[in-house]
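Residues per chain, in single letters:
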Amino acid sequence: MADLPHPRRLWADGSIVDVAGIAVTRLTPGPAPTVSTSGSGGVVHIIGADDKTTLVRLDVPLGDAAGFWHPGAGWDRHLAADWMTGWRTVGLVDSSPLGCLHDSAGRAMLGFATDRLVPTTRLRYGVGERTGRFGVWLAMDLRPGERCRIRVAAGNEQVMGTVRSLVHWQSCTTSDGLASATHNAAPPTDAPAAPTGGSATPTGDPAPTGGSPARDGGLPGAVGGFSVPEAGRVPAYSTWYSFHQEVSAAAVETEAGLAAELGCGLLILDDGWQRGAHGGGYAGCGDWEPDPEKFPDFGAHVRTVRGLGLAYMAWIAPLLLGDDSAARGRLAAFAPHARPDWRCHVLDPRHEEVRRFVVDSCVRLVERYDLDGLKIDFLDAAMAYADDPLQGEPEAQREPEAQLGRGAQRDREAQPDREDLPDREAEPDQHAQRDRDAQRDQNADPDQGACRDAGQNGLPRHSTPRDCGPERERHPGDDGARADVGEAMRALLSELRDRLRAVRGADLLIELRQPYTGAGMLEFGNLLRAGDCPADAAGNRVRTLDLSVARRESAVHSDMLMWDLQAPPQAAARQLLSVLHAVPQISVRLSRLPEGQRAMTAFWLAFWRERRDVLTRGDLDAGRPDELHPVVVARDAARAVVIVHSPSHAARLDPTGLAEIAVVNDTAAEHVLLDLTHPAAARLDVRDVRGAPVRRESARLEAGPRRLAIPPSGLCLIRPA
């Protein structure tokens, strides 16, 4: 991708169209943008003109703007200046080209999504200090005649409803699926483009359609995501936080039996089962054979656990090539990116040999041991090659930026850029500190879990490995086109999905975790998990809601839940209550739980199972994302579950026609604030953290806000009198 402009030039004039008050400007030479629909939004068509980067700006007046959400926002959901944010690379296995600016009432002001789900896109956003407008910039490498479509949404819809419709448009979950490749042809440049086929979304806009993946960012041949078998929609037990790499057949079988008693229906064996998995790090990755000391007969072990009533999944990180693995000798040439802190290298998926190795390894593991599926980790590691040419390109042909290596390039791009500074030099600020923190985290002890970079404002996320070490060795014999990493990963994942389905059929389980959970990944996995956030209840809530509000048809799983075994049950319960809207994954030593925590876990898992459908498939109102969702309401036609995460925020609810309202107090306070739109005569059944009765009474609940006494981490069931 060519050098991107200085922030002072981001607000330059260009070819512009107006879509419901949103200005869409092409900043680089080429055909003017055209619009295929209008009203509260539209689909803007951008046509590639040459082999240079195409840059597009979307902007609106600031008005009452309060926050900006995008899939990789983490904690950083406020309004940032355009010189603060830097360029972010998104693609198939890292986030998604999607975002939404909203006002203080939570209404969307500028929502956008592109159909460029596979190839990489550079994204930037922020407030223009001199313009008084908020802008979003998209930089794309479009070939001549190649088209990108940008769905633009505005109006009075709530931000998360807008996000949901944009994701629906991206993922094309309509009955007709994707249309033919003819949709990729460019419309005339002298007239507005019109829809030329494809199915429509509920808003009447054409859904994303795809042609050849080499010509379009859509998903050719896709008709939506995986179906989710029952085993993916029940509480799961994971070995990661409870054991890390110190797993064994006997210990796992003990925990599996206790998990089944508590109502879990899935066991996920995490890192540590494979040969060479000890001492932290990933030095043994690549051979994918069970450790004979930990699992003398892995097949028998799997059968034992399945005999307890649990489905069985195993962890695999197929792009990691361990320094001590036997596979390293024959695949080293295809893994130039080193991670010395992880004691491994990252395989480059653009090579056919790598794709074949990854698919064969995964399929062999499932087939040989009769697994129900895989937890596939570190797919985002492929982004280490997003800006690198394939090996074998002559050094003289490389752009100066590329010669620095991707890590240096990314570091330079991430620099905060002030409009009033002469070059790319920035004042030290929190973002510069973030970069220093991220560099420090490169040397973190991998035994503390997967290495992470500090995200914006410190929210940890799995890192995208950066360049390190000397200039990479070149192998002039390499073949294959200079493919985009996203296109290479799509080829890999398509074959993997098809071959695994041939083994497991419709019951196949594939877990994907943030950040590779965008709309483009829905056809490759059916369990979408929050990124790692051990013991961080608020982080788990925010991450799972980022997934849940947009993908109610998928099985959204929490990050694995861990807590202090010496903590009071009320404190431990808050880990579970923070993710009631998702499928919980438990990861504590159940054999060591004190009685109070065991009773708490049993009660709340039973509560979740009884209300699973409304919690995970019902209408979800999570409020403003910049407020981190202090109240979450899930409801269907007959029931509602209100989860109060902050004692200072009122839960507003219309009780009309509801047979049950379950109010959950996920705070340390002795009460919650309930704001009913209509009065109701009700019977109240209040329970403590273990489910023990506290009081039962009849009451008339008047309309408006009122305090409702509920013990910390307790429950009040409200039913009509």
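Source: prediction; values computed, not measured.

**Observations concerning the nonpolar core**
Within soluble globular proteins, side chains that are nonpolar generally end up buried alongside one another.
Part 1: In terms of nonpolar packing, the biggest core is built from 106 residues, with Leu-371, Leu-374, Leu-379, Met-489 and Trp-604 touching the most fellow members.
Part 2: The greatest single-element share of this core, amounting to nine residues, is contributed by helix α7 (residues 352-369).
Part 3: Excluding residues that lie within four positions of it along the chain, Leu-374 makes contacts with Met-313, Ala-314, Ile-316, Cys-362, Leu-365, Val-366, Leu-500, Leu-509, Ile-510 and Glu-511.
Part 4: Val-19, Leu-58, Met-140 and Ile-150 belong to the second largest nonpolar core, which has 27 residues in total.

**Some thoughts on the layout of surface pockets**
Part 1: Size it by volume and the second largest pocket reaches roughly 430 Å³.
Part 2: Around the second largest pocket sit 21 residues that line it, and Asp-621, Ala-622, Gly-623, Arg-624 and Val-631 are the ones nearest its centre.
Part 3: Taken together, the elements giving at least two residues each to the lining of the second largest pocket come down to α2 (159-171), β26 (619-621), β27 (631-635) and β29 (650-653).
Part 4: For the lining of the second largest pocket, the element with the highest residue contribution is α2, accounting for four residues.
Part 5: Residues that form the lining of the second largest pocket fall into these classes: 10 nonpolar, six polar and five charged.

**Let's talk about the pattern of salt bridges**
Part 1: For the structure on display, the rule yields 42 salt bridges.
Part 2: Between Arg-513 and Asp-377 there is a salt bridge; the shortest N-O distance is 2.7 Å. Note that Arg-513 is positioned in strand β22 (residues 509-513) and Asp-377 in the loop between β19 (373-376) and α8 (400-403), a separation of 136 residues in sequence. Judged on exposure class, the residue Arg-513 and its partner Asp-377 are both buried.
Part 3: The partner of Glu-495 in a salt bridge is Arg-499, and the shortest N-O contact between them spans 3.9 Å. Of this pair, Glu-495 and Arg-499 both sit in helix α11 (residues 485-504), four residues apart, which is roughly one turn of the helix.
Part 4: Given the relative accessible area of 37%, Glu-495 is considered partly exposed.
Part 5: A relative accessible area of 31% places Arg-499 in the partly exposed class.

**Points about helix α12 (residues 537-548)**
Part 1: The terminal C-alpha atoms of α12, which comprises 12 residues, lie 16 Å apart, in line with the 16 Å expected from a rise of 1.5 Å per residue.
Part 2: The buried count for α12 comes to 11 of 12 residues, which makes it a mostly enclosed element.

**Brief notes about the environment of Asp-636**
Part 1: With respect to the helices and strands, Asp-636 occurs in the loop between β27 and β28 (639-644).
Part 2: Here Asp-636 falls in the partly exposed class, since its relative accessible area comes to 31%.
Part 3: In this structure the C-alpha to C-alpha distance between Asp-636 and Leu-620, which are 16 residues apart in sequence, comes to 9.2 Å.
Part 4: Not counting the four nearest positions on each side in its chain, Asp-636 is found in contact with Val-614 and Leu-658.
Part 5: Reaching out from Asp-636, the side chain makes a polar contact with the backbone nitrogen of Ala-638 at a distance of 2.9 Å.
Part 6: A distance of 2.7 Å separates a polar atom in the side chain of Asp-636 from the backbone nitrogen of Arg-639.

**Things to note about the packing of aromatic side chains**
Part 1: In the structure shown here, the tally under the stated rule is 16 aromatic pairs.
Part 2: Aromatic pair Phe-68 and Tyr-125: ring centres 4.6 Å apart, planes at 35 degrees, arrangement tilted. Placement of Phe-68 in strand β6 (residues 65-69) and of Tyr-125 in strand β10 (residues 121-128) is noted, with a sequence separation of 57 residues between them. Pair check on accessibility: Phe-68 and Tyr-125 agree, each one buried.

**Re the environment of Leu-512**
Part 1: Of note, Leu-512 is situated in strand β22.
Part 2: In sequence terms Leu-512 and Asn-526 are 14 residues apart; their C-alpha atoms lie 7.6 Å from each other.
Part 3: The contacts of Leu-512, once residues within four sequence positions are left out, are Leu-379, Thr-517, Met-521, Phe-524, Gly-525, Leu-527, Leu-528 and Arg-529.

**Some points on the confidence of the model for the protein chain**
Part 1: Mean pLDDT for the protein chain: 83, with 79% of residues reaching 70 or above.
Part 2: Overall, residues 173-224 carries pLDDT values under 50, and its contacts beyond four positions in sequence, including any with other chains, amount to 123 contacts.
Part 3: A low-confidence stretch, residues 392-482 (pLDDT under 50), is modelled with 190 contacts involving residues beyond four sequence positions or located in other chains.

Calculation notes
- Residues numbered from 1 in each chain as written.
- Predicted model: local features only at pLDDT ≥ 70, side-chain atom pairs only at ≥ 80, totals over all residues.
- Heavy atoms only, no water.
- Core = buried A, V, L, I, M, F, W, Y, C linked by side-chain atoms within 4.5 Å.
- Buried < 20%, exposed > 50% of the residue type's maximum accessible area, 1.4 Å probe, protein only.
- Helix = DSSP H or I, 4+ residues; strand = E, 2+ residues; numbered from the N terminus.
- Contact = heavy atoms within 4.5 Å.
- 1 Å grid on protein atoms, 1.4 Å probe; cavity = no way out; pocket = protein on both sides within 12 Å on 5 of 7 lines; lining within 4 Å.
- Points joined across faces, edges and corners; volume = space filled by probe spheres on them.
- Nonpolar A, V, L, I, M, F, W, Y, C, P; charged D, E, K, R; others polar.
- Salt bridge = Lys/Arg side-chain N within 4 Å of Asp/Glu carboxyl O.
- Expected span 1.5 Å × (residues − 1).
- Polar contact = N/O pair within 3.5 Å; in protein donor to acceptor, adjacent residues only side chain to side chain.
- Phe/Tyr/Trp six-rings, centres within 6.5 Å; stacked < 30°, edge-to-face > 60°.
- pLDDT = per-residue confidence, 0-100.

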